[in-house]
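Structural characterization, general
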Amino acid sequence: MNKSIYQIAVECREFSNKNVICFNQIVNSIRWFRVFGANKSFERLLLSLCEAISRKYPYISEKLKEHTLRYNENPVFHQGAIDELVNYVINLEKLSASSKKFFISHSSKDEVLVNAFIEKILMLGCGFKRSDIFCTLDHTVIRTGEDFRNEIIKNMKVCDYILCMISDNYRGSEVCQNELGAAWAMEGKRVLPFKFPNV
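Small disclaimer: the values here were computed from a predicted structure and weren't measured. (Residues numbered from 1 in each chain as written. Predicted model: local features only at pLDDT ≥ 70, side-chain atom pairs only at ≥ 80, totals over all residues. Heavy atoms only, no water.)

1. A closer look at helix H3 (residues 58-69)
Quick reminder of the rule: The helix and strand labels rest on DSSP assignments: H or I over at least four residues marks a helix, E over at least two residues marks a strand, and numbering proceeds from the N terminus. Here the expected span of a helix is defined as 1.5 Å times the quantity of residues minus one. Summary of the burial criterion: residues with accessible area below 20% of their type's maximum are buried, those above 50% are exposed, and those between are partly exposed, where the area comes from a 1.4 Å probe applied to protein chains only. Starting at the helix axis, one direction is taken to each C-beta atom, and the arc is that of these directions.
Its 12 residues place the ends of H3 16 Å apart at the C-alpha level, agreeing with the 16 Å of an ideal helix rising 1.5 Å per residue. Every buried residue belonging to H3 is among Ile60, Ser61, Leu64, His67 and Thr68, and all of these are buried. With its buried residues spanning 135° around the axis, H3 presents them on a single face. Away from its buried face, by an angle of more than 90 degrees, H3 presents the exposed residues Tyr59, Glu62 and Leu69.

As structure tokens, this is what we get:
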């Protein structure tokens, strides 16, 4: 039976917690750190995690592999980075397992930046699926003949996070201002404003 990404990442963290000891010592007023316990078993486990996440989180996979293979050059530095990356994978998997839904409030004039944010940050970086994201730039989310306002309200109600992409275009749009007001008025929603530069 194949293990999930989450299971492998948890195994990596448990191995590290049980077997890798960071030793802190002061000699002649200089603080020295050493890492004991990292071995080939840990390396194999980490590389199996790299393989498991290579499609879903390619950047994290690349960085984790780099720190794993260069471990002996500076064990303290690489151990710290490995621990952070493994915890990051665990948190991403928890987040994606709970199938969070995002509503993107934006100005259509900011299409290039908003699409880049969705594709590079939410999908590639965090591993969310297009179906987890409601954004009117995706022309499949509202079908021809549907009431645009009703679809906006319906999707705001069912989402977990409302991301407001605040630009000068956003501030100048009456529709965007209405969405922002509606977002703050809704209970149980996490409203995250992203302010563009020079706003």
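From this point, the discussion proceeds with the structure in view.
2. As for the nonpolar core
Quick reminder of the rule: In these notes, a set of buried Ala, Val, Leu, Ile, Met, Phe, Trp, Tyr and Cys residues joined through side-chain atoms within 4.5 Å is what counts as a nonpolar core. Two residues qualify as a contact provided that any one of their heavy atoms is within 4.5 Å of a heavy atom in the partner residue.
Counting residues in hydrophobic clusters, the biggest one holds 38 residues, and the most contacted among them are Leu49, Leu64, Val86, Ile104 and Leu163. Contributing elements (two or more residues each) for this core: helix H1 (5-19), helix H2 (40-53), H3, helix H4 (75-97), strand S3 (102-105), helix H5 (111-125) and strand S5 (161-166). Setting aside anything within four residues of it in sequence, one finds Leu163 in contact with Phe102, Phe103, Ile104, Ser105, Phe117, Leu122, Leu192 and Phe194. In this structure, Ile152, Cys176, Leu180 and Val191 belong to the second largest nonpolar core, which totals 14 residues.

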